[in-house]
Amino acid sequence: MKFLVFIGSERDSTPPRPARLGKRVAAACVDRLRTQGAEPILVDPLKIHLPSPFKPHFSYARGKAPEQLEALANQIASADGYVMVSPEYNHSMSPTLAHLLNHFGSSLFSYKPSAIVTYSAGQWGGARAAVNMRTFLAELGCLPVSAMIHVPKAQEVLDEDGTYLDAVDAAQWDGYLDRTLHQLVWWADAAQHQRLSGEAKQPDAFTKAPSQRNAPS
Ligand SMILES: Cc1cc2nc3c(=O)[nH]c(=O)nc-3n(C[C@H](O)[C@H](O)[C@H](O)COP(=O)(O)O)c2cc1C
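Presented here is a report on the structure given in the accompanying data block.

Each value, and the rule that gives it
- Residues numbered from 1 in each chain as written.
- Predicted model: local features only at pLDDT ≥ 70, side-chain atom pairs only at ≥ 80, totals over all residues.
- Heavy atoms only, no water.
- Helix = DSSP H or I, 4+ residues; strand = E, 2+ residues; numbered from the N terminus.
- Contact = heavy atoms within 4.5 Å.
- Near = heavy atom within 4 Å.
- Polar contact = N/O pair within 3.5 Å; in protein donor to acceptor, adjacent residues only side chain to side chain.
- Areas by Shrake-Rupley, 256 points an atom, 1.4 Å probe, with all protein chains shown as cover.
- Pairing = 2+ DSSP bridges.
- Axes fitted to C-alpha atoms, helices over the stretch in contact; angles between N-to-C directions.
- Right-handed = clockwise from strand over helix to strand, strands pointing away.
- Salt bridge = Lys/Arg side-chain N within 4 Å of Asp/Glu carboxyl O.
- Buried < 20%, exposed > 50% of the residue type's maximum accessible area, 1.4 Å probe, protein only.

### Points about the environment of leucine 50
Tracing the backbone shows leucine 50 in the loop between strand E2 (39–43) and helix H2 (67–78). Along the chain, leucine 50 and aspartate 12 lie 38 residues apart, while their C-alpha atoms are 17 Å from each other. Ignoring sequence-local partners within four residues, the contact set of leucine 50 consists of Leu69, His99, Leu100 and His103.

See the structure below:
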């Protein structure tokens, strides 16, 4: 099964130091997913050129979006689940991650699970950012599994390659990451089975306007 692992940081400047802690956390998730036999694919916002001014993928005629946007849309559509790795900026989820995800409609993510992974350089591990990620991801249709990963002081846990530093208990951290990632793989497996079986038709997403979801007046 394929999982897209989104890096929620494009910050390449200091201070605060060190920069792009998100790469370390994402690399650790990639490693743990591989041990479960999954195929993780990193999505790095620094490598994706987004249209400016903002124009989401679904606003282009079919197949006419810029190449990188189209490629990522195809990756999202063909993935079985998502790992959303976000720093906490001002007690909120990463604006980079929100901006990137806002380019794609819920029909690409729907009926597949996601995992919330947050981190910080300080002691809270991004827990406050995680709270609103749950609503955000639920609205996108990729329901977050119940367990979450929060990595406080990520610079004291992982080195630049996403390998555990000597001072930490690697087995304990593996167990902590695996709890959430096992849930993700379990739900992804169940959702894939349901999609492939063709037994249940997926309810349609709204196709024209969000008002299609409104209660009758
Ligand atoms: C704009 C900004 C806002 C931040 N806000 C918070 C915050 O609310 N809570 C927190 O624990 N850390 C906060 N930090 C510190 C980050 O946890 C730390 O810089 C971390 O390395 C950010 O991840 P990144 O390196 O992948 O960008 C903030 C950092 C920046 C740059």
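### Looking at the site of the ligand
Around the ligand, the surrounding shell holds 17 residues, and the nearest of these are Arg11, Glu88, Tyr89, His91 and Tyr119. Contacts to the ligand include glycine 22, whose backbone N or O atom sits 3.0 Å from an oxygen atom. In the complex, the protein chains occlude 80% of the 620 Å² of accessible area that the ligand would expose alone.

### Comments concerning the sheet that holds E2
Reading across the sheet, the five strands line up as E2-E1-E3-E4-E5 and stay open at both edges, with parallel pairing between neighbours. A strand with exactly one partner marks an edge of an open sheet, and here the two such strands are E2 and strand E5 (149–151). Averaged over all adjacent pairs, the angle separating strand axes in this sheet is 20 degrees, with direction ignored. Together, strand E1 (2–7), E2 and strand E3 (81–87) form the strand contacts of H2, whose direction differs from that of E1 by roughly 130 degrees. Along the sheet, helix H6 (residues 170–197) makes contact with E1, E3, strand E4 (114–119) and E5, crossing E5 at roughly 150 degrees.

### Structural notes on the pairing of E2
Bridge analysis of E1 against E2 gives five bridges, and the strand direction is parallel. Pairing of valine 5 across the sheet is with leucine 42, part of E2. After leaving E1, the chain enters helix H1 (residues 21–35) and then returns to the sheet as E2, a path that is right-handed.

### Quick word on the pattern of salt bridges
Under the defined criterion, the tally for this structure stands at five salt bridges. The shortest N-O distance in the salt bridge between arginine 32 and aspartate 178 comes to 2.8 Å. A residue pair is termed long-range when its members are at least 10 positions apart, and arginine 32 in helix H1 and aspartate 178 in helix H6 qualify at 146 residues. We classify aspartate 178 as buried; its relative accessible area is 12%. Several salt bridges share partner residues, and in doing so they unite Arg32, Asp174 and Asp178 into one network.

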